[in-house]
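What follows is the residue order along each chain.
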Amino acid sequence: GDSVTQMEGPVTLSEEAFLTINCTYTATGYPSLFWYVQYPGEGLQLLLKATKADDKGSNKGFEATYRKETTSFHLEKGSVQVSDSAVYFCALGGATNKLIFGTGTLLAVQP
Amino acid sequence: DGGITQSPKYLFRKEGQNVTLSCEQNLNHDAMYWYRQDPGQGLRLIYYSQIVNDFQKGDIAEGYSVSREKKESFPLTVTSAQKNPTAFYLCASSIRLGVITDTQYFGPGTRLTVL
């Protein structure tokens, strides 16, 4: 069945460092891919999404490109801030009537 | 502003009691969902609903029940049959069910603790 694998955390970075959080997927057909962010004690917020191969989603300085050849949707940001500290979830919308989530990656940015 | 509200934010329950978590949306979305989140795990789908008076079991429906009497509301009841109910519960909605490009929008969550 469909599945999402993302890198385990925590990821600890200094402010202004470059961020990559890896996400790979297994799916039949042509899924949509999403990154959600969860701040402490809150629900999930959509960060960005891509609905077809080679699409790039972007928001708030974060980017991710839908790579069908490598079945990946890695999240990147050129310069992280302390306020980016959160849990990031990669998710897949496929043939079933639900989103498939990765286990989440905790990002901690230190000043 | 449109959005999803969940109440209460924190809920404490004694063992053997049923408890109902509220979820309301004013986004005019047809589809609604309930997820459970445990530490270090992704979200797991409990129930989902495509339209009023229709709902389907997700991956972990045992010990839970739902109703969908109004488009805006999708309450979740955690029954005493749920063996390990302590968790963070998230409600979500989307415009339609089964459209893979549709975004799901989430509420702020309810943290349930069984004493």
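Up top you'll find the structure we're talking about.
Computed from a prediction, not measured in an experiment: that's the story for all the values here. (Residues numbered from 1 in each chain as written. Chains lettered and ligands numbered in written order. Predicted model: local features only at pLDDT ≥ 70, side-chain atom pairs only at ≥ 80, totals over all residues. Heavy atoms only, no water.)

Asks: Run through the environment of serine 3 of chain A, naming residues and quoting values.
Replies: All names here are of chain A. Inspection of the secondary structure puts serine 3 in strand E1 (residues 3-6). Once the C-alpha coordinates of serine 3 and leucine 92 are considered, the two residues, 89 residues apart in sequence, prove to be 7.7 Å apart. Once residues lying within four places of it in the same chain are set aside, the contact partners of serine 3 are Thr24, Tyr25, Thr26, Leu92 and Ile100. (Helix = DSSP H or I, 4+ residues; strand = E, 2+ residues; numbered from the N terminus. Contact = heavy atoms within 4.5 Å.)

Asks: Please provide a residue-by-residue account of the layout of surface pockets, values included.
Replies: A water-sized probe rolled over the atoms picks out the places where empty space is left. Space inside the largest pocket adds up to approximately 360 Å³. Looking at the largest pocket, it is lined by 23 residues, and the ones nearest its centre are Gln38 and Val87 of chain A together with Gln37, Pro39 and Gly40 of chain B. Mapped by element, the contributors of at least two residues to the lining of the largest pocket are strand E10 (86-93) and strand E12 (105-110) of chain A together with strand E9 (87-94) and strand E11 (110-114) of chain B. When grouped by side-chain class, the residues that make up the lining of the largest pocket number 10 nonpolar, 10 polar and three charged. (1 Å grid on protein atoms, 1.4 Å probe; cavity = no way out; pocket = protein on both sides within 12 Å on 5 of 7 lines; lining within 4 Å. Points joined across faces, edges and corners; volume = space filled by probe spheres on them. Nonpolar A, V, L, I, M, F, W, Y, C, P; charged D, E, K, R; others polar.)

Asks: Quick one: what's the story with the side chain of serine 94 of chain B, residue by residue and with numbers?
Replies: Among the secondary structure elements, serine 94 of chain B is positioned in strand E9. Those residues in contact with serine 94 of chain B that lie beyond four places of it in its chain are His29, Asp30, Ala31, Tyr33, Asp102, Thr103 and Gln104 of chain B.

Asks: So what's going on with the interface of chain A and chain B? Which residues, and what values?
Replies: The interface of chain A with chain B comprises 22 residues on the first partner and 23 residues on the second. The interface formed by chain A and chain B contains one salt bridge. The closest approach of N and O atoms between lysine 98 of chain A and aspartate 59 of chain B, which form a salt bridge, is 2.6 Å. Counting across the interface, chain A meets chain B through seven residue pairs in polar contact (both at pLDDT 80 or more). Of all elements in the fold, only strand E5 (32-38), strand E6 (44-50), E10 and strand E11 (99-101) of chain A reach the threshold of two or more residues within the side of chain A that touches chain B. Per-element accounting of the side of chain A that touches chain B gives the leading share, four residues, to E5 of chain A. (Salt bridge = Lys/Arg side-chain N within 4 Å of Asp/Glu carboxyl O. Polar contact = N/O pair within 3.5 Å; in protein donor to acceptor, adjacent residues only side chain to side chain.)

Asks: Lay out empty space enclosed by the protein in plain terms, naming residues and giving numbers.
Replies: Throughout the structure, instances matching the rule amount to one cavity of 30 Å³ or more. The calculated volume of the largest cavity comes to roughly 120 Å³. Along the walls of the largest cavity sit 15 residues, with Lys98 of chain A together with Gly98, Val99, Ile100 and Gln104 of chain B positioned nearest its centre. Tallied by class, the residues present in the lining of the largest cavity amount to five nonpolar, seven polar and three charged.

Asks: Describe the state of the cysteines, with residues and values.
Replies: Residue and element names in this part refer to chain A. One pass over the structure, following the stated rule, counts two disulfides over all chains. At a sulfur-sulfur separation of 2.0 Å, the disulfide partner of cysteine 23 is cysteine 90. Looking down the S-S bond of the cysteine 23 and cysteine 90 bridge, the torsion is -65°, so its handedness is left-handed. Taken together, the residues span a long stretch of sequence, with cysteine 23 in strand E4 (residues 23-26) and cysteine 90 in strand E10 at a distance of 67 residues. You can call cysteine 23 buried: its relative accessible area is 1%. (Disulfide = S-S within 2.5 Å. Buried < 20%, exposed > 50% of the residue type's maximum accessible area, 1.4 Å probe, protein only.)

Asks: How would you sum up the sheet that holds strand E3 (residues 19-25) of chain B? Please name residues and give values.
Replies: All names here are of chain B. Within the open sheet, the four strands sit side by side as E1-E3-E8-E7. Their pairing is antiparallel. The sheet is open, and its two borders are formed by strand E1 (4-7) and strand E7 (64-66), each paired with just one other strand. Averaged over neighbouring strand pairs, the angle between their axes works out to 20° when direction is ignored. The pairing of E1 with E3 spans four bridges and is classified as antiparallel. Pairing of glutamine 6 across the sheet is with cysteine 23, part of E3. (Pairing = 2+ DSSP bridges. Axes fitted to C-alpha atoms, helices over the stretch in contact; angles between N-to-C directions.)

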